Amino acid sequence: MAETSMLNIGVYSFWGQIMSVPKPQMEEGFSFSSLKVVLLLVFLVQFTVADSQHKPAGDGMQPLSKIQIHRAVYELHENASVKAYPVLLGTKGEDSQWVTVEVASPKPSEDDWLAVFSPANFNSSTCPSTYDRQKAPNICSAPIKYRFANDSNVDYVKTGEASLKFQLINQRADFSFALFSGGLFSPKLLAVSNAVSFVNPKAPLYPRLAQGKYWDEMTVTWTSGYNIIEAVPFVEWGLKGEAQIQSPAGTLTFHRESMCAPPARTVGWRDPGFFHTSFLKNLWPNSLYTYKLGHRLSNGSNIWSKSYHFKSSPYPGQDSLQHVVIFGDMGKAERDGSNEYNAYQPGSLNTTDQLIKDLDNIDIVFHIGDITYANGYISQWDQFTSQVEPIASVVPYMIASGNHERDVPGTGSFYDGNDSGGECGVLAETMFYVPAENRAKFWYSTDYGMFHFCIADSEHDWREGSEQYKFIEKCLASADRQKQPWLIFVAHRVLGYTSSSWRDGSFGEPMGRESLQKLWQKYKVDIAFFGHVHNYERTCPIYQNQCVNTEKSHYSGTFNGTIHVVVGGGGSHLTDFGPVQTTWSLFRDSDFGFVKLTAFNHSSLLLEYKKSSDGNVYDSFTISRDYRDVLACVHDGCEPTTLAT
Ligand SMILES: [Fe+2]
C-alpha cells in the first residue's frame, strides 16, 4: 500500500509535468494490472527525462507550466528559512541586478525548489474575486521563475544549506523567494524570504523601436508602472547634438478579462503595467537621433529613463548600403543559470548576443513570430523585452504574429490550438507596435530603402477571397520595383516550402502554396521567409513545386521564381528534417541561426545564414538583377499586352 502510494506520487509528477492530468482521474480504477503499466511508464519516463536532460535542444515546454501552483499547501517550518539580499535594488539606476538567496531547510530533499514571486505577497488574499473563497487555492499566481535548491549546491541534500544567485529585472513590483518541497507537482511551502524591491519599480523601461506607417516616422514603445492619470508620458528626442523636442505618447494596458483562456487568465496572469507609444515624425533620412523616455508627475517633476539613440530609416528607394536581419521563434532564456530555462530555449541568448555584437552593421530586425513563448505566463514578456532591449532600443524591431502569440480555440485564430496559453494576441499587439491598420489583424507593409516588406499573419485566414489575401495582393502590387527592387514576403508558418514533415507528413502548409503562389509569381517576390519550423532551409527559385533555375548560389538576370527560406532557428527547440529528399531543397541546417540580407544597391543583394553559436556564415547566395530583369515576361508573371501600336 505504501509502495503504491509512493509510486502514485511519482506518476503524478510525470503526468503533472507532461499532461497535467488531474489527480482524481489517475486514482480511478487503479489495479494491479494498471500498476504494471504504471511501472513501465515510470521506467520510460525516467529514461525519457534523463535522456532529454542531455539534449541541448530543450523540450519545448514552458517551464512555468510544469508547476502545479494551485495545488500548493502550507507546511511552514520554524527551522526553514530563506534570506535575500540586497534588499534595495537599482540604487545606481540599474534595471537589472543579481540577488543572493540563502536557503536553510531542516529536511532537505533533491526536489526542493526555490520560487521567485512578484509581487512579493503571493498568498490567497491576492486571488481574484471570481474564485469561490471556500475552494480558493492557497496560491493563485505562478512564480516568475524558479530553480531547484541543489542547483549549483551539490551538498544541499546533506547540509540543508544552499546559496543561489538570481538575476532580477525591474518589472513594476517587489519580489520574494519561497522554498518549496514536494517537487513542482505537489508543492509544500516551507519558508518565505524578506521582500526585495527596485528603488523605482514604476520606472520607464525596455524601449522598442518600430517603423511607423510612413518612412519618416519612428515609433518608440516602452513599459512603465505609471498610469496616464498619475503621470504624462512623453519622449524627449532630436538629432544627435542638436536641440531636443518633446513628443507625447499614448498609453495602453489590458486586464485579466482581456485574456481568452488559462493560464493567462488564471495562474499565468500578472499585472502588465502600462505601455506607451510615441510617434517621432518628420525624420531626416539616415540620421542619428537621441531620445529618452519621460513621465511628468502632477507635481511638475519628471521621471527619466536612460538615453538611447537610433538611426532613422532611408527614403524609400534610396541607394545606400542596407542590412536587414530576419529570424523566427527566438523566445527568451535566463542568464542566471537556471537549467530549466536554458533547456527550454537554448539558442535564444546566443542569437540575442550575436545580434548585439553586430549591431553597428544591422539596420532593421524582423522577428517573424513566436516571440517570447510566454504561453500565457505574462511575466515572461517583461523578461523578453529586457533581453532584446540592447537591440530593440537601437534599431526597429519588427514582429510578426505566430501561433504562440495568437492561437486560442474558439477565438478566431485560423488554427485551433491553445499555443498562446490564452493570450489570444493581446500581449503581442499591445506591447509591440506594428504599422498595421488594425493591430489585432497582424498584417502590414513596411519600406526600408530598397526593400519592400509584406508581412502576413499566418494565424488568420490568408486564402483567396479573405480580407488578408486582398491586403497581400495590394501590398505586393504597391512595390515600385525600379525604386524598391527587393520585394520580400514574410509569414510565421511555412506557407511555402519546408522539408520538415511537420503536420500529417506534408511539407509546410499546402493550402498556403495553393492560395499564394500565384501572387508570389505574378508580383515577382524575390524571397519568402517563414519561421515556425525550427531550423534553416532554403530552396531553389521555385514555382508550382518545380525549380525554375538550375543555379544554386549566384542568381542573375530575369526573375523566374521565388526563393523560399525557413529561418525558424532563432532559439526555440530545434526541428529535424523529414526523410524525403527533394530537388528543391538546396541547403538545410537543423541548428540555431538567423539570416542577414545586405542590399548593396538596386542590382545586388546578398543573403547570409549565420549560426547563433559563432556568428559565422554557413550558407549564402547573391542575386544580381537589373530593373528590366524584373519587368521581363515569365510564366504566370506577365503583364497583359496588346497588339495595338
Ligand atoms: Fe510557431
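Read on for an overview of the structure. (Residues numbered from 1 in each chain as written. Predicted model: local features only at pLDDT ≥ 70, side-chain atom pairs only at ≥ 80, totals over all residues. Heavy atoms only, no water.)

1. A few points about the overall build of the protein chain
Heads up, the condition is: Elements are defined by DSSP. Helices are runs of H or I of four residues or more, strands are runs of E of two residues or more, and each kind is numbered from the N terminus. Buried, partly exposed and exposed residues are distinguished by accessible area as a fraction of the type maximum, computed with a 1.4 Å probe on protein chains only: under 20%, between the cut-offs, and over 50%, respectively. Whether two residues touch is decided by their heavy atoms; if any such pair falls within 4.5 Å, the residues are in contact. For accessible areas, the Shrake-Rupley method is used with a probe of radius 1.4 Å. Any residue's cover is judged against the shown protein chains and nothing else.
A count of helices and strands for the protein chain gives 12 helices and 34 strands. Out of the 645 residues belonging to the protein chain, those deemed buried represent 57%. Excluding contacts between residues fewer than 6 apart, the proportion of contacts in the protein chain whose partners are at least 24 apart in sequence is 72%. Counting only carbon and sulfur atoms, one obtains 54% of the accessible surface of the protein chain, whose full area is about 26,400 Å².

2. A closer look at the state of the cysteines
Here is the rule we go by: Pairs of cysteine sulfur atoms within 2.5 Å are what we label disulfides.
Enumeration over the complete set of coordinates arrives at 5 disulfides. Here Cys540 pairs with Cys547 through a disulfide, and the sulfurs are 2.1 Å apart. One quick way to see it: the torsion about the S-S bond of Cys540 and Cys547 is about -85 degrees, and its sign makes the bridge left-handed. The partner cysteine of Cys633 in its disulfide is Cys638, sulfur to sulfur 1.6 Å. In this structure, the disulfide formed by Cys633 and Cys638 twists by about 105 degrees around the S-S bond and is classed as right-handed. Cys638 gets classed as partly exposed once you look at its relative accessible area, which sits at 35%. In the protein chain, the bonded cysteines, numbered by position in the sequence, are linked as 1-2, 3-4, 5-6, 7-8, 9-10.

3. Overview of the coordination of the iron ion
Stated formally: Only nitrogen, oxygen and sulfur atoms count as donors, using a 2.8 Å cut-off from the metal that widens to 3.2 Å for Na, K and Ca. Water is left out, so coordination shells may look unfilled. Under this scheme a four-donor centre is tetrahedral when all angles range from 85 to 135 degrees, a four-donor centre is square planar and a six-donor centre octahedral when opposite donors are above 155 degrees with the rest from 65 to 115, and any other centre is irregular.
At 2.1 to 2.2 Å from the iron ion lie its protein donor atoms, namely Asp370 (OD), Asn403 (OD1), His492 (NE2) and His532 (ND1). Considering all 4 donor atoms around the iron ion, the spread of angles at the metal, 89 to 163 degrees, places the coordination shape in the irregular class.

4. Structural notes on empty space enclosed by the protein
The following threshold applies: Only protein atoms enter the 1 Å grid, on which a cavity is a set of points fitting a 1.4 Å probe that cannot get out and a pocket is an open set with protein on both sides within 12 Å along at least 5 of 7 lines, lining residues being those with an atom within 4 Å of a point. Grid points are joined across faces, edges and corners, and a volume is the space filled by probe spheres set on the points. Classes in brief: Ala, Val, Leu, Ile, Met, Phe, Trp, Tyr, Cys and Pro nonpolar; Asp, Glu, Lys and Arg charged; the others, Gly included, polar.
Counted according to the given criterion, the structure contains 7 cavities of 30 Å³ or more. Space inside the largest cavity adds up to approximately 100 Å³. Surrounding the largest cavity, 13 residues form its lining, Pro541, Tyr555, Asn560, Gly561 and Arg625 being those nearest its centre. In the lining of the largest cavity, the residues fall into 5 nonpolar, 6 polar and 2 charged.

5. Some remarks on the layout of surface pockets
For the second largest pocket, the calculated volume is near 640 Å³. Residue lining of the second largest pocket: 24 residues in total, with Pro435, Tyr444, Ser445, Phe471 and Lys474 positioned closest to the centre. Of all elements in the fold, only β21 (444–448) and α10 (467–477) reach the threshold of two or more residues within the lining of the second largest pocket. Each residue belonging to the lining of the second largest pocket can be placed in one class, and the counts come to 9 nonpolar, 8 polar and 7 charged.

6. Section: the environment of Ser604
By the secondary structure assignment, Ser604 is in strand β33 (residues 604–611). Judged by relative accessible area, which is 22%, Ser604 ranks as partly exposed. Taking C-alpha positions, Ser604 is 9.4 Å from Trp486, a pair spaced 118 residues apart along the chain. When sequence neighbours within four positions are dropped, the list of residues in contact with Ser604 reads Trp486, Thr598, Ala599 and Ile623.

7. Considering the pattern of salt bridges
We count it as follows: Here a salt bridge means any side-chain nitrogen of Lys or Arg lying within 4 Å of a carboxyl oxygen belonging to Asp or Glu.
All chains considered together, the criterion is met by 27 salt bridges. Where Lys145 meets Glu334, a salt bridge forms, and the shortest distance between an N and an O atom there is 2.6 Å. Linking Lys145 in strand β6 (residues 145–148) with Glu334 in the loop between β18 (322–327) and α5 (339–344), this pair joins segments that are 189 residues apart in sequence. In terms of burial, Lys145 and Glu334 fall into one category: buried. Salt-bridge contacts for Asp382 lead to Arg270; the nearest nitrogen and oxygen are separated by 3.5 Å. Taken as a pair, Asp382 in helix α7 (residues 379–392) and Arg270 in the loop between β14 (245–252) and β15 (274–280) lie far apart in primary sequence, 112 residues in all. Each of the salt bridges in this network shares a partner with another, and the network as a whole consists of Lys145, Lys332, Glu334 and Asp336.

8. So, the side chain of Asp216
Cut-off, in case you're wondering: Under this rule, positive means Lys or Arg and negative means Asp or Glu; His and the chain ends count for nothing.
You can see Asp216 is positioned in the loop between β11 (205–211) and β12 (218–224). Buried charge Asp216 goes without a salt bridge, the closest partner of opposite sign being Lys281 at 8.8 Å. For Asp216, the contacting residues outside a window of four places in its chain are Leu280, Lys281, Asn282 and Leu283.

9. Re the packing of aromatic side chains
Note the following rule: Here the aromatic set is Phe, Tyr and Trp, taking the six-membered ring for Trp, and pairing holds for ring centres within 6.5 Å; pairs whose planes are under 30 degrees apart are stacked, those over 60 apart are edge-to-face, and all others are tilted. Charge over a ring is defined by NZ of Lys or CZ of Arg lying within 6 Å of the ring centre and within 35 degrees of the ring normal.
This structure, assessed with the given rule, holds 32 aromatic pairs. Look at Tyr536 and Tyr609: their rings are 3.8 Å apart centre to centre, the planes differ by 5 degrees, and that puts the pair in the stacked class. Linking Tyr536 in strand β27 (residues 536–543) with Tyr609 in strand β33, this pair joins segments that are 73 residues apart in sequence. Exposure remark for Tyr609: the relative accessible area of 1% places this residue in the buried category. Grouping aromatic residues by their ring pairs yields a cluster made of Trp113, Phe117, Phe122, Tyr146, Phe148 and Phe180. Sitting over the ring of Trp304, Lys292 keeps its end group 4.4 Å from the ring centre. The ring centre of Tyr497 lies 4.9 Å from the NZ or CZ of Arg513, which sits over that ring.

10. Quick word on helix α11 (residues 510–522)
Cut-off, in case you're wondering: A helix is expected to span 1.5 Å for every residue after the first. What we call the bend at a residue is the angle made by axes fitted to the seven residues finishing there and the seven residues starting there.
For α11, spanning 13 residues, the distance from its first C-alpha to its last is 19 Å, which sits close to the expected 18 Å at 1.5 Å a residue. Residue Leu516 marks the point of greatest curvature in α11, where the axis turns by about 50 degrees. Every buried residue of α11 is accounted for by Gly512, Arg513, Ser515, Leu516, Gln517, Leu519, Trp520 and Gln521. Looking at the residues trailing α11, positive phi occurs at Lys524, about 55 degrees.

11. Here's the deal with the packing of helix α6 (residues 348–357) against α7
Filter applied, for reference: Lines fitted to the C-alpha atoms define the axes, with helices restricted to the stretch that makes contact. Angles between their N-to-C directions range from 0 to 180 degrees. Should an angle fall under 35 degrees it is taken as roughly parallel, and over 145 as roughly antiparallel, whereas 65 to 115 is taken as roughly perpendicular and any remaining angle as oblique. By convention the crossing between two helices is left-handed if the near helix lies anticlockwise of the far one by an angle smaller than a right angle, and right-handed if it lies clockwise.
Relative orientation of the contacting elements α6 and α7 amounts to 20 degrees, with a least axis distance of 9 Å. Judged by the angle between their axes, α6 and α7 are roughly parallel. Note on packing geometry: the crossing formed by α6 with α7 is left-handed. Between α6, through Ser348, Leu349, Thr352, Leu355 and Ile356, and α7, the contact on the second element is made entirely by Gln387, Pro390 and Ile391. Class assignment of the residues belonging to the contact of α6 with α7 gives a composition of 5 nonpolar, 3 polar and no charged.

12. Description of a nonpolar patch on the surface
Rule in force here: To count toward a patch, a residue needs a relative accessible area over 30% and no salt bridge; like charges are then connected within 9 Å, while nonpolar side chains (Val, Leu, Ile, Met, Phe, Trp, Tyr) are connected within 5 Å.
A cluster of nonpolar side chains, contributed by Tyr74, Leu76 and Val192, occupies part of the molecular surface with about 280 Å² of accessible area. By the secondary structure assignment, Leu76 is in the loop between β1 (73–74) and β2 (81–85). Exposure remark for Leu76: the relative accessible area of 58% places this residue in the exposed category.

13. Some details on the pairing of β15
Applied cut-off: Any two strands with at least two DSSP-identified bridges between them are counted as paired.
Within β15, 6 of the 7 residues are buried, which leaves the element mostly enclosed by the surrounding structure. Strand direction decides the pairing type here: β12 and β15, joined by 7 bridges, are antiparallel. When the bridges of β15 are listed, Val220 appears paired with Ser278. Taken together, the 4 bridges between β14 and β15 define a ladder with antiparallel strand orientation. Within the sheet, the bridge partner assigned to Leu252 lies in β15 and is Phe275.

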